[in-house]
Amino acid sequence: MKRKAEKQQAAAPVSAMSAIAARKARQQQAQAAPVPKTQVVVEIPVGPPAKRPKISDDEREAAVDVEETKGRRTRSSTKREAPSSVPTKDGRQKRSQPHKQVRSQSPVAVERHEAQLQEEYGEDGQDHLEDSEGIAEDGVTSVIGDADGFESPTETPEELQNFPLSKARLNNGSVVYADNNTICVRIKEKMNLALVGQYDLWVKRGLVSLMGAKLHPCSRAYRVYAPSTHSLPVIKCVTGVHGEAEVEIKSCKSGLARLQNLSPLYQRIWNGKSTAADKLTLKGTSAGSRRTFSVLYTSADDSFKRHLRPLHLDKKWSASMKALSHKQGQLRVLVCGPKASGKSTFSRYLLNHVLSPAPEVENGFINSDGCAFLDLDPGQPEFATMGQVYLAHLRTPFFGPPFTHPSLDDSRDGEVLRAHYIGATSPKEDPDHYALAVMDLMERYRSLLTEYPQCPLIVNYPGWIFGQGLEVATWLIRSLGLSDVVYMSEKGPAEVVEPLSVAANEARVPLTILPSQPTDFVSRSSAQLRAMQIQSYFHLSHPRGLSNPLWQGTPLSRTRPIIVNYAGEKQGILGVMVLGTHIEPAMLREVLEGAVVGVVAVESRKAIEGSACQTQESRLVEDEYAEEDLDMANGIDMQDNSDHASRSLKDNSTDGIIRSPEDDLPYLYTGAGTSVPLRPSASNCLGLALIRSVNVPSRQLELSTPIPPSRLQDAFEQGHQLVLVRGQIDNPNWAVSEEYYAARAAERRYQKEFRADETDSDKHPKILDVLHKRVRRASNVPWMTVVEDNSRRHREAAAQRERSLWKLRKKAYPASESETEW
């Protein structure tokens, strides 16, 4: 700038330019210069520093690059807030001090805003507590996770609050009728509505799209679960009569909301207070009426001020789904890609699109063969709990996240045909067993085609797409007889895309590459979502005569367990297996108590014999699918413990069973160094069970399991024996703390009723004392510590955990530049 002023001075006459005039010229040029980039470097600092730091040019450019990656909305909002020049007394222009204002005012505003924005939930895992408390005072957050996907707590800017959710707005002309539980609305074409909560949707006129499904007018109402833990499903009118579709939305009582009394992870995930749209439709109803759902126009309508977003699809996703669904019964598609790329969302939408019901005809619905869903992701399965791979046959669309349908037992909408217990959240723990399980499930699908020849197949592959996982993926493409392969990332990397392309060309299968569409902000980590899903599984029931499942809000410790003899004349199980490592038989009881195990039906002795001597090559080449004679004895009744069951166990004693010295537990161990899993071609996982205790004097196990008795009875009638398999999945911390949270919830409910009812003042203190004793008793259990600290530091740490959202960071491949942005 000085050099520029000197040039101007040289151009003018020397007598007309003095030192004072040159200084004034430089000041005017400085005032006319644009606002420097440092004004938008620090967007929301965490606290005022002692003095204003100096910012170098390199730091300034790096900060601007980070600012630009946060989105166009953030940049425009920051530009609008840029300070303007104001005149001073001497008439010269003086810039305001934006940094001082932001540093002194924004921390208080951010804390007040985030206290309203974030959900209020606690943690039942020590890992997440450490992660939340690992936030330094300077606002630097620790990054956790492996090289393929990261999760870290983050903060949400204020401008993200008022996010549009619905295009349509309800008025007196669009509302057909309404009462305490139901509203019937008309939605114009190309318009949509977003709701949060639980409801039953009935399409009366027009064509409506919801989570990939095209819903025609019919007599059936579809159950929809829309919690705040996932993107909200959107009801959109595709076509309608006179340009409008008519739908009825009705409240439902599934019991799933009762789980908030058992775990803080389920708290504040449904609808809160009535919104403006709800109040419009609740006019004329009784005071205090509240539905199980709420219509939201924007995210600011939410009373909990949560980070809500609608679930929209990329245009390429929609085009690919239409092209794949046109193949109908010839569809055999494998969906793969990096972690957090949207594989599960795409598979769920494609499944609903394929299962969209046809319009009614004179004889009812057109018969359909349904759709087969081969879920190969043991970490985040769709219709089962973690640690399993399975083949499901589905008949109708499903609207909700995985924890709303963790099981398909006795359901008219679908069933799990066959499952195998991997015992881990990743197949890399035992790739050989994983490959054998996939081959067996594919053979089961081929047998399904004999009954339903037009049944398509959707294969959901996990995010294990690098290294050995890539080898397994290419092997599946070559051997499964697929029709299509979908890879969920346009950014590569080439180390993954090229082998997949080569394998697809060899198998003469088209490879479609779609953009990833992850969710930026999530209110639950992956571990917490798995805990919610398995807790939902253990509290789920399918009553006869009801089309939808129900959830029980009673802690498992207060439910009646199933008693199983593990030794003696009426032994009910063949043995207990521990995957992953060999343990001393004397430690078996400590390993089993309080653990979640897989209940596996052994269909043949070949499931155990000879499994230790198989190699990887022989497993992949050997024909595992020859029909086997069931040479097992008659079945075992876990409840009746009949005599013929104990005789069959004596006659079919296995050399691999070792009795523990003190507990007499049947330890099924085959292998050298590690326990070899059961052969998938001769075994089938029926579900999961929680071992509540091992009663050594009576030689009995106390189990809690949601497996229907009819399914166990079918296994016994076919001559199968049961093996309990202990894997390496997450510990059931949720089960340990259920009684404590239930006691706390009961105490709070009674205190609320006590304040409202003062009729019997002598009775209330006694009841409160009993409830308080229950809370103290429930807090004094093993593996759980209740910290009652009301200090300021503890309150601030708890508030930080309640405000934290989780933001995903994707990394497609180590040392690569693709998929590495936040």
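Structure's up top.
Conventions we followed
Residues numbered from 1 in each chain as written. Predicted model: local features only at pLDDT ≥ 70, side-chain atom pairs only at ≥ 80, totals over all residues. Heavy atoms only, no water. Salt bridge = Lys/Arg side-chain N within 4 Å of Asp/Glu carboxyl O. Helix = DSSP H or I, 4+ residues; strand = E, 2+ residues; numbered from the N terminus. Buried < 20%, exposed > 50% of the residue type's maximum accessible area, 1.4 Å probe, protein only. Axes fitted to C-alpha atoms, helices over the stretch in contact; angles between N-to-C directions. Parallel < 35°, antiparallel > 145°, perpendicular 65-115°, else oblique. Left-handed = near helix turned anticlockwise from the far one by under 90°. Contact = heavy atoms within 4.5 Å. Nonpolar A, V, L, I, M, F, W, Y, C, P; charged D, E, K, R; others polar. Core = buried A, V, L, I, M, F, W, Y, C linked by side-chain atoms within 4.5 Å. Domains from an automatic or database assignment. Pairing = 2+ DSSP bridges. Right-handed = clockwise from strand over helix to strand, strands pointing away.

## Some thoughts on the pattern of salt bridges
Logical step 1: By the definition in use, this model includes 19 salt bridges.
Logical step 2: Ionic pairing is found between Glu246 and Arg205, a salt bridge with its closest N-O pair at 3.4 Å. In this pair, Glu246 sits in strand β12 (residues 244–251) while Arg205 sits in strand β7 (residues 192–205), placing the two residues 41 residues apart along the sequence.
Logical step 3: According to the relative accessible area criterion, Arg205 is partly exposed, its value standing at 28%.

## Focus: the packing of helix α8 (residues 315–325) against helix α9 (residues 343–354)
Logical step 1: Packing of α8 against α9 leaves a shortest axis separation of 10 Å and a crossing angle of 45°. Relative to α9, α8 is oriented oblique. Note that α8 runs across α9; the crossing there is right-handed. For the pair α8 and α9, contact is made by Trp317, Ser320, Met321, Lys322, Leu324 and Ser325 and by Thr345, Phe346, Tyr349, Leu350, His353 and Val354, respectively.
Logical step 2: By residue class, the composition of the contact of α8 with α9 is 7 nonpolar, 4 polar and 1 charged.

## Notes on the nonpolar core
Nonpolar side chains tend toward joint burial in soluble globular proteins.
Logical step 1: Ranked by internal contacts, the top residues of the largest apolar core, which has 123 residues, are Leu201, Ile235, Ile249, Phe346, Leu394 and Phe538.
Logical step 2: Among the elements that line this core, the one with the most residues is strand β29 (residues 683–695), at 7 residues.
Logical step 3: Both of domain 1 (175–301) and domain 2 (315–537) provide at least three residues apiece to this core.
Logical step 4: The contact partners of Phe346, leaving out residues within four places of it in the chain, are Trp317, Ser320, Met321, Leu324, Val335, Val486, Met488 and Leu514.
Logical step 5: Counting 37 residues, the second-largest nonpolar core is a separate cluster that includes Val459, Phe466, Leu482 and Ala503.

## Digging into the pairing of strand β19 (residues 484–487)
Logical step 1: Here β19 shows two buried faces, one formed by Asp484 and Val486 and the other by Val485 and Tyr487.
Logical step 2: Bridge count between strand β14 (residues 332–336) and β19: 4 bridges; the pairing is parallel. Bridging from a neighbouring strand, Leu334 pairs with Val485 of β19.
Logical step 3: With 3 bridges joining them, β19 and strand β20 (residues 511–513) adopt parallel strand pairing. The residue of β20 that forms the bridge with Tyr487 is Ile513.
Logical step 4: Handedness of the crossover is the feature at issue here: the chain leaves β19, passes through helix α12 (residues 494–506), returns alongside β20, and the resulting connection is right-handed.

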